[in-house]
Amino acid sequence: MTLRFVHAADLHLDSPFTGIRAAAPENVATTLYSATFDSYQNIVDLCITEGVDALLVAGDIYDSADRSLRAQRAFIDGLQRLDAAGIRSFVCHGNHDPLDGWEARLSYPDGCHRFGSEFSPAPVFPDDPERALVYGISYPTRDVYDNLVSRLGRVDDGALAIGLLHANVGGNTDHALYAPCSLDDLAQSGIDYWALGHVHTRQVLRQHAPTVVYPGNPQGRHPNETGARGVYLVEFDDNRNISLDFRPTDTVRWEQASIDISALETEQDLLNAIDDALQSLLDSSEGRSVVARVTLTGRGELNRFLRQPAAPDDLLASVNDQWAQRLPFVWCERIQDQTAAAVDRDAMRSGEDFLAEVLRTADQIREDPATLRDGLAELYQQRRFGQHLAALTEEEIAVLLDEAEALAVNLLAADDR
């Protein structure tokens, strides 16, 4: 085997979880407080257990430039464990932990290479420098808007080349445009594997020549960072064939559940449905505790109960009384009520008001989808919208029509709210 390494990024050690921890019971708050540290220890344990050659960390080690002493010491302690096991580490800094941030005067192990503000190569195997090189660069300050790939320069043709970079590739709108570059920039670089950081959702942007990977963050930190979080175990064989193996390292998993109240009749039915949803999340969490957000949808008689001023908080407390003290726990951080009162569609459709006309028009479109295209002819002809409308299948149009009707009913139906 030519090279085996773990690719991690966006550790965000000491992430505060401020609002979440304040509302959580003590056992949940304590678990969240240590979650990013525990995840990092899982990464170090993985490296040692797998006997890899190196750990690569692609920026945002800490949650802020004013990194805590606790976070810095925990990070270096992990690197020292790796060094004692003969595993090298390579680190670059991103927008959350730039080089000009405060840094305690602590000693890094000899086996750790930290990259500066210009691209430079570092050998994975000091006694065999032509075997594999890591090319990395760090942010000198938080706001870096230049294309850093353009600074890479010539890559050694003989050695296996790994690029370590914190950047926004392809203009990902979910993240700030720090160090923006294109996938084509990376493809023409001469690098064999781009170990990226910054985007918190794992994705393989390119499979081969070069392989371009975001591992995502190793520990989810809020309700939008759902599902398994972790790192990639990367292997190159003697022919430079690559294999990627995602390994979860999170200790708490964030999940979301949606419950339709339409078929539920009593408050007990609602509690049972929530229990079933939370149990399902726990069953799929691979033994981890879960922080959940539940959204209630649909029309039904239970909307009367949910409209009572104290009902949402009362429901949330009742659920957490049953689930938050378990081990592993499920803590429901929010129950969102998006329900509406039950309605008689047939009765509304037979009326003479605007809502009745909307429902009758929706039925006409269902019978003859072409009428929708006729009604939206001007939009179909516009460059901005036409390409998206033309790409819709009949099934997709039907789903959008159902959603539009539901929205219209919610806004127009008589309701004491």
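This text follows the structure it describes.
Now for a quick tour of the structure.

Conventions and cut-offs
- Residues numbered from 1 in each chain as written.
- Predicted model: local features only at pLDDT ≥ 70, side-chain atom pairs only at ≥ 80, totals over all residues.
- Heavy atoms only, no water.
- Helix = DSSP H or I, 4+ residues; strand = E, 2+ residues; numbered from the N terminus.
- Buried < 20%, exposed > 50% of the residue type's maximum accessible area, 1.4 Å probe, protein only.
- Contact = heavy atoms within 4.5 Å.
- Core = buried A, V, L, I, M, F, W, Y, C linked by side-chain atoms within 4.5 Å.
- Pairing = 2+ DSSP bridges.
- Axes fitted to C-alpha atoms, helices over the stretch in contact; angles between N-to-C directions.
- Expected span 1.5 Å × (residues − 1).
- Arc of directions from axis to C-beta.
- Parallel < 35°, antiparallel > 145°, perpendicular 65-115°, else oblique.
- Nonpolar A, V, L, I, M, F, W, Y, C, P; charged D, E, K, R; others polar.
- Polar contact = N/O pair within 3.5 Å; in protein donor to acceptor, adjacent residues only side chain to side chain.

### Looking at the environment of E255
Tracing the backbone shows E255 in strand β13 (residues 252-260). For E255, a relative accessible area of 16% translates into the label buried. Residues E255 and Y135, spaced 120 residues apart in sequence, show a C-alpha to C-alpha distance of 36 Å. Excluding residues within four positions of it along the chain, E255 makes contact with T226, G227, L281, V290, V291, A292 and R293.

### Considering the nonpolar core
Membership of the largest hydrophobic core comes to 26 residues, with the highest contact counts inside it found for L270, L278, L296 and I335. For this core, the elements supplying multiple residues, two or more each, are β13, α5 (267-283), β14 (289-297), α6 (302-306), α7 (311-323) and β15 (330-337). Residues within four places of L270 in sequence aside, it is in contact with I261, L264, L296, L302, F305, L306 and L315.

### Remarks on the sheet that holds β14
Strand order in this open sheet of three strands is β13-β14-β15, and the pairing throughout is parallel. Every interior strand has two partners, whereas the edge strands, β13 and β15, have only one. Between one strand axis and the next, the sheet turns through 20° on average, direction left out of account. Sheet topology note: the β13/β14 ladder contains nine bridges and is parallel. Considered in β14, the bridge of E255 is made with A292. α7 contacts β14 and β15 of the sheet and is inclined by roughly 160° relative to β15.

### A closer look at helix α13 (residues 394-412)
Helix length check: α13 (19 residues) gives 26 Å between terminal C-alpha atoms against 27 Å at 1.5 Å per residue, within 8%. Every buried residue belonging to α13 is among I397, L401, E405, A408 and V409, and all of these are buried. Each buried residue of α13 sits inside an arc of 110° when the element is viewed along its axis, so together they form one side. Every exposed residue of α13 that faces more than 90 degrees away from the buried side is listed here: E395 and L411.

### Digging into the packing of helix α2 (residues 26-50) against helix α3 (residues 69-84)
Orientation of α2 relative to α3, taken along the N-to-C sense of each, is 10°, at an axis distance of 9 Å. Considering the angle they form, α2 stands roughly parallel to α3. Of α3, the residues touching α2 (which contributes Y33, F37, Y40, Q41, V44, D45, C47 and I48) are R70, A71, A74, F75, G78, L79, R81 and L82. Taken together, the residues that form the contact of α2 with α3 break down as 11 nonpolar, two polar and three charged.

### Considerations on the side chain of H166
As for its position among the elements, H166 is in strand β7 (residues 160-166). On the basis of relative accessibility, which here comes to 0%, the residue H166 falls in the buried class. Within the structure, H166 has its side chain in polar contact with the side chain of N95 (distance 3.0 Å). Among residues more than four places away in sequence, those in contact with H166 are D10, A58, G59, D60, C92, G94, N95, Y139, A179, G197 and H198.

### A closer look at the environment of Q381
As for its position among the elements, Q381 is in helix α11 (residues 377-381). Along the chain, Q381 and S15 lie 366 residues apart, while their C-alpha atoms are 48 Å from each other.

### Topic: the side chain of R293
Along the chain, R293 turns up in strand β14. A polar contact is formed between the side chain of R293 and the side chain of E333, at a distance of 2.5 Å. Here R293 is in contact with P223, E255, Q256, A257, E333, R334 and Q336, once residues within four sequence places are set aside.

### Some points on unusual backbone geometry
Between A209 and P210 the backbone carries a cis peptide bond, its omega angle lying at -5°. Put simply, L327 and P328 share a cis peptide bond, and its omega is -5°. Inspection of the secondary structure puts P328 in the loop between α7 and β15. One non-glycine residue, H198, adopts positive backbone phi at about 120°. For H198, the location among the structural elements is in the loop between β8 (193-197) and β9 (203-206). Assessed through its relative accessible area of 5%, H198 is described here as buried. Even without being a glycine, E286 presents a positive backbone phi close to 60°. Within the fold, E286 resides in the loop between α5 and β14.

Read these as geometric descriptors, not functional statements.
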